[in-house]
Amino acid sequence: MESRTLLLVLGLHFTLLGNIEARVCGLGFIANGSQQCDDIDECKELDSNPPCGSNAACYNTYGSFYCHCLPGFISTTTFKFTPFTGECKDLNECLEKPPVCGSNTICLNTIGSFKCQCQPGFRVTYNGHCADIDECNEIAGICGVGGDCQNQKGSYSCLCHPGYSNYDNKQAQCSVLTCDQFKANATPGQNVPGLAGLLSLMRNSCLALSNSGEAPEGDTGEVLLDKPNVFTEMDGLLSHAILNNSREVSGLLGTVEDAMRFIGPQLRDTHTTMETDHTATELAVRRGQTPPTGPISLANDNARLDTSWETATGNGTYPGFALAGLVCYKTVEKSVNNSFQYLTDTDTNRGTATATASKPSYQISSKVVTAFVSNPATEHLTKPVILTFKHLQVRAESMEMNYTCVFWSEGRVHEEGGAWSSRGCTKVTSNATHTVCSCSHLSSFAVLMALYPVQNTFELRLLTWLGLSVSVVCLLLCILTFWLCRSIQGTRTTIHLHLCVCLFIADLVFLSGISHTQSKGGCGFVAGLLHLFFLGSFSWMLLEVQLYRMVVLVFNTTIRPLYLYAVGYGLPLAIVIISAITYPDGYGTTQHCWLSLERGFIWSFFGPVCTIIFLNAFIFIITVWRLAQKFSSLNPDLSNLRKIKVFTVTAVAQLCVLGTMWIFGVFQFQEEGTVVMTYLFTILNSLQGALLFIMHCLLNKTVREEYCKLLSCICTPQKKRYSEVSNTNPSSSQSQGSRSAENTGSRRYDVTKPP
């Protein structure tokens, strides 16, 4: 084993010695077996990895080699080079002089070579040359029915007839111009005050283009978009006031869309953005011999449109251009916040059980936008467009509210104008700030809030019936007490009597008719009665101003009944009559027989109520302040002042009861009403009769004495009553008269006179 290892070591040693001896040959040579140096053919030795690279040929020389570039390549240094002194790069034959390709051709350089192809409008003939193509003869109808084709070398041009235009794109088909769409009163909806200027501007521009076949000098799309032209007219219209009806809205939206379709093809830039005080517009245009492809995304601060150029061009004849646009109206939502007659319960993306339980009300929750493309057939798109809207207010969906995607549908007859509809639009997703919609057609779009009223559950209905029944009974007792109890008759008693009468009638009507919305006329009548008598209760409460007269002015506090009735019934009746004349449809809604929220009509009730509450609160503060001064005086009339103090406390409590109830009533009858507000309003509405009975009857000593007498008369045997009557002492009659004299409505208090 050791001998074999020794032999291997010796063999390796002699091999190394042989290599050392071979190194005495020069570079490019190698020693042979006879200890002579032979030339090394580097080009063959390194075939697997050519020393000159793949773009050059290798040539061996005695003791060395050199490289030479292949055809189509050129050396970076000298004609002959080595890998250490140069390399080969591609030769661009298309830059050589004279040109390597013939006339009417295009040279295309490739790595190590080049190609020649004919220019557009030319084709290769049998001899390899490029000859002109006569498109006018080879392509039938290349300019359309409204244009004449003229062949040119390598091209052609279309000359449009009057009434047609290719918008200065000579290779595009001539499209018909319908300038009558900009004619004033072309449709009933376009008869909009202030729209005549925009219609006139667009019609004149259209007629000029129609007569010449191409855009006249200075009347390009940029000029029409720039001030003081299209957007100036639009801003002037939108800045005056909201549009009066749906016909005017349809006229504006339709005219603006037609104007953008007309202006878009004339724009030189492929992307145009324009923003004013009332609108924000973004347009994208593509031109070419072939229809464009790919996605389109147009956006502004309030909305975003995502579609494709395939949708913009459509399946019809390609006119040589494609257009897509998005117009956002910053103020139009105020004019279309009540056009919901085309919407049904199934348009709100809610479950059937919930949708049929209550009919929702709607509010615009986004800016109104118009999306359009050059494709005229957009009623049924093969691929839906995606619209993303920013909400006007941050609010997430809930059981009482969800978002609905809608579009502006033209009136089914001209008289209808238009309204919102959800046909063909679905909600993809929604959060508190944005809603994403998918629509299978193009029009003007928006997002609505579908607001569902709080469901009248069995518990709520039971609470309403029981509470209001107790309230009605208590109010009836108050009315009988104030009417029949002679010992308390006076101005304050008259005020309290009619206050309770108004609340009694209002509660009866509320109990029997607030939810009967089936008949529009009957529901409006119920709403009118509620409006009248609830206002009446506050008007009678306003007459508590007599406390101020008692404490501050020290006058006789008797007020003539005519003045009481004029304020208590005349004032609310005048408000109701004026409200009914101004907006008769404001009485009755789809949820309650109450005042409508549209046009701020609800403030015909809340406005006077808030005024009375603030006025009474101010008077009561002054009264309490002056009353405190009277108590601190040197010679106060304590008995009278304490009586006035009790009157003031009950009046303030009365104001708090009625005022607090309608604070919650504001939220109850709003479209965003919640379950908590509904229960609070119902409880306070039910308690007001009982609280008035307690404050004005049970806590009044004189009334309690009268109740005791009445009960004693009822409980005492008939015979004993006759005996008591015959033995009555005249002094008792005098005592009763003295109690009657305590009536605050017929006595003058001189609080400065010592007792």
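Once a new chain begins, its residue numbering starts again from 1 and follows that chain's sequence as written. Only residues with pLDDT of at least 70 get local features here, since the model is predicted, and only at 80 or more are side-chain atom pairs given and counted; chain-wide, interface and lining totals rely on the full set of residues. Only heavy atoms go into the side-chain values, all of them from the structure, while hydrogens and water stay out.

Chemist: Just give me the short version of the overall build of the chain, but keep the residues and values in it.
Modeler: A tally of helices and strands in the chain yields 20 helices and 27 strands. For the exposure calls, accessible area comes from a 1.4 Å probe over protein chains only, and a residue counts as buried if that area is under 20% of its type's maximum, exposed if over 50%, partly exposed in between. Looking at the chain residue by residue over its 755 residues, the buried ones come to 44%. Excluding contacts between residues fewer than 6 apart, the proportion of contacts in the chain whose partners are at least 24 apart in sequence is 63%. When the accessible surface of the chain is split by element, carbon and sulfur atoms take 60% of a total near 39100 Å². Helix and strand labels come from DSSP, where a helix needs a run of H or I of at least four residues and a strand needs a run of E of at least two; each type is numbered from the N terminus. Every residue pair with non-hydrogen atoms within 4.5 Å of one another is taken to be in contact. Each accessible area value is a Shrake-Rupley result obtained with a 1.4 Å probe; residue values ignore everything except the protein chains displayed when judging cover.

Chemist: So what's going on with helix α14 (residues 561-582)? Residues and values would help.
Modeler: An α-helical segment advances 3.6 residues per turn. Residues three or four places apart therefore align on the same side. For α14, with 22 residues, the first-to-last C-alpha span of 31 Å sits near the 32 Å given by 1.5 Å per residue. Remark: the principal bend of α14, roughly 35°, maps to glycine 570, with a proline, proline 572, within the next four residues. Restricting attention to buried positions, one finds in α14 the residues Leu564, Gly568, Pro572, Ile575, Val576 and Ser579. Helix span, as expected, comes to 1.5 Å for every residue beyond the first. To get the bend at a residue, fit one axis to the 7 residues ending there and another to the 7 starting there, then take the angle between the axes.

Chemist: Give me the lowdown on the pairing of strand β3 (residues 56-61), citing residues and values where you can.
Modeler: At least two DSSP bridges between two strands are required for those strands to pair. Judged from the six bridges that link them, β3 and strand β4 (residues 64-69) form a sheet pairing that is antiparallel. Considered in β4, the bridge of alanine 57 is made with histidine 68. The hairpin turn running from β3 into β4, its antiparallel successor, is two residues long, and glycine 63 in that turn takes a positive phi close to 85°.

Chemist: Requested: an account of the nonpolar core, with residues and values cited.
Modeler: Nonpolar side chains tend toward joint burial in soluble globular proteins. Here, nonpolar core refers to any group of buried Ala, Val, Leu, Ile, Met, Phe, Trp, Tyr and Cys residues whose side-chain atoms link them within 4.5 Å. Among the nonpolar cores identified, the biggest contains 53 residues, and Leu530 and Phe605 are the most heavily contacted of them. The set of elements that each furnish at least two residues to this core consists of α10 (458-484), α11 (491-513), α12 (520-542), α14, α15 (603-631) and α17 (675-698). Judged by nonpolar contacts, the second largest core, of 46 residues, contains Phe182, Leu209, Ile263 and Leu448.

Chemist: Before we move on, could you go through the confidence of the model for the chain and cite the residues and values that matter?
Modeler: Low-pLDDT portions of the prediction should not be read for the details of their coordinates. Predictor confidence is given residue by residue as pLDDT, running from a minimum of 0 to a maximum of 100. Confidence along the chain averages 76 in pLDDT terms, with 73% of residues attaining 70 or more. Here residues 351-357 is a poorly scored stretch, pLDDT under 50, and it has four contacts once near neighbours within four places are set aside; other chains count.

Chemist: Any details on the pairing of strand β12 (residues 155-160)? Residues and values, ideally.
Modeler: Looking at chain direction, strand β11 (residues 147-152) and β12 are connected through six bridges and run antiparallel. By the bridge assignment, asparagine 151 is partnered in β12 with tyrosine 156. Count of turn residues in the β11/β12 antiparallel hairpin: two residues, of which glycine 154 carries a positive phi of about 75°.

Chemist: Residues and numbers for the packing of α11 against α14, please.
Modeler: For helices, the fitted axis covers only the stretch in contact; all axes are lines through C-alpha atoms, and the angles between them, taken along N-to-C directions, range from 0 to 180 degrees. Two elements in contact, α11 and α14, have axes separated by 12 Å at closest approach and are oriented at 25°. By the angle between their directions, the pair α11 and α14 is classed as roughly parallel. The hand of the α11/α14 crossing is right-handed. Where α11 abuts α14, its residues Thr491, Thr494, Ile495, His498, Val501 and Cys502 lie against Leu564, Tyr565 and Tyr569. Any residue outside Ala, Val, Leu, Ile, Met, Phe, Trp, Tyr, Cys, Pro, Asp, Glu, Lys and Arg is labelled polar, Gly included; the first ten of those are nonpolar and the last four are charged. Classifying every residue of the contact of α11 with α14 by side-chain character gives six nonpolar, three polar and no charged. Orientation labels follow simple angle bins: below 35 degrees gives roughly parallel, above 145 gives roughly antiparallel, 65 to 115 gives roughly perpendicular, and whatever is left gives oblique. A clockwise turn of the near helix away from the far one marks a right-handed crossing, whereas an anticlockwise turn of less than a right angle marks a left-handed crossing.

Chemist: Report on the state of the cysteines, specifying residues and quantitative values.
Modeler: Criterion for a disulfide: a pair of cysteine sulfur atoms at a distance within 2.5 Å. All chains considered together, the criterion is met by 14 disulfides. A sulfur-sulfur distance of 1.7 Å marks the disulfide that ties cysteine 52 to cysteine 67. Between cysteine 52 and cysteine 67 the sulfur-sulfur dihedral comes to about -80°; the bridge is accordingly left-handed. In this pair, cysteine 52 is assigned in the loop between α2 (42-45) and β3 and cysteine 67 in strand β4, connecting sequence segments 15 residues apart. The class for cysteine 67 is buried, based on a relative accessible area of 0%. Note on cysteine connectivity: cysteine 101 is disulfide-linked to cysteine 116, with sulfurs 1.6 Å apart. Between cysteine 101 and cysteine 116 the disulfide shows an S-S torsion of about -80°. By sign, it is left-handed. Of this pair, cysteine 101 sits in the loop between β6 (88-90) and β7 (105-110) while cysteine 116 sits in strand β8 (residues 113-118); the two residues are 15 residues apart in sequence, bridging distant segments of the chain.

Chemist: Lay out a nonpolar patch on the surface with the relevant residues and their values.
Modeler: To count toward a patch, a residue needs a relative accessible area over 30% and no salt bridge; like charges are then connected within 9 Å, while nonpolar side chains (Val, Leu, Ile, Met, Phe, Trp, Tyr) are connected within 5 Å. Each reported salt bridge corresponds to a side-chain nitrogen of Lys or Arg within 4 Å of a carboxyl oxygen of Asp or Glu. A cluster of nonpolar side chains, contributed by Val473, Leu476, Leu477, Leu480, Trp483 and Leu484, occupies part of the molecular surface with about 590 Å² of accessible area. Tracing the backbone through its elements, the reader meets leucine 480 in helix α10. Look at leucine 480 and you get partly exposed, because its relative accessible area is 36%.

Chemist: Describe the sheet that holds strand β22 (residues 385-390), listing the residues and the values that go with them.
Modeler: On the basis of which strands lie adjacent, the open sheet formed by five strands has the order β17-β18-β22-β26-β25 and antiparallel pairing. The open sheet has two edge strands, β17 (295-299) and β25 (425-430), and neither has a second partner. On average, adjacent strands in this sheet sit at an angle of 20° to one another, irrespective of strand direction. Where β22 meets strand β26 (residues 434-439), six bridges bridge the pair, whose relative direction is antiparallel.

Chemist: Any details on the pattern of salt bridges? Residues and values, ideally.
Modeler: The full count for this structure, using the stated rule, is six salt bridges. The shortest N-O distance in the salt bridge between lysine 367 and glutamate 333 comes to 3.0 Å. Here glutamate 333 lies in the loop between β19 (321-329) and α9 (352-357) and lysine 367 lies in the loop between β20 (361-364) and β21 (368-373), a separation of 34 residues in the sequence. We note that lysine 367, like glutamate 333, is buried.

Chemist: Just give me the short version of the packing of helix α6 (residues 230-240) against helix α7 (residues 246-263), but keep the residues and values in it.
Modeler: The interhelical angle for the contact between α6 and α7, taken along N-to-C directions, is 170°, at an axis separation of 12 Å. If you check the angle between α6 and α7, you find them roughly antiparallel. Residues Val230, Phe231, Met234, Leu237 and Leu238 of α6 lie in contact with α7, whose contacting residues are Leu252, Val256, Met260 and Ile263.

Chemist: Give a description of α12 that names residues and reports values.
Modeler: Here α12 spans 33 Å end to end across 23 residues, near enough to the 33 Å set by a 1.5 Å rise per residue. With 17 of 23 residues buried, α12 is to be regarded as a mostly interior element.

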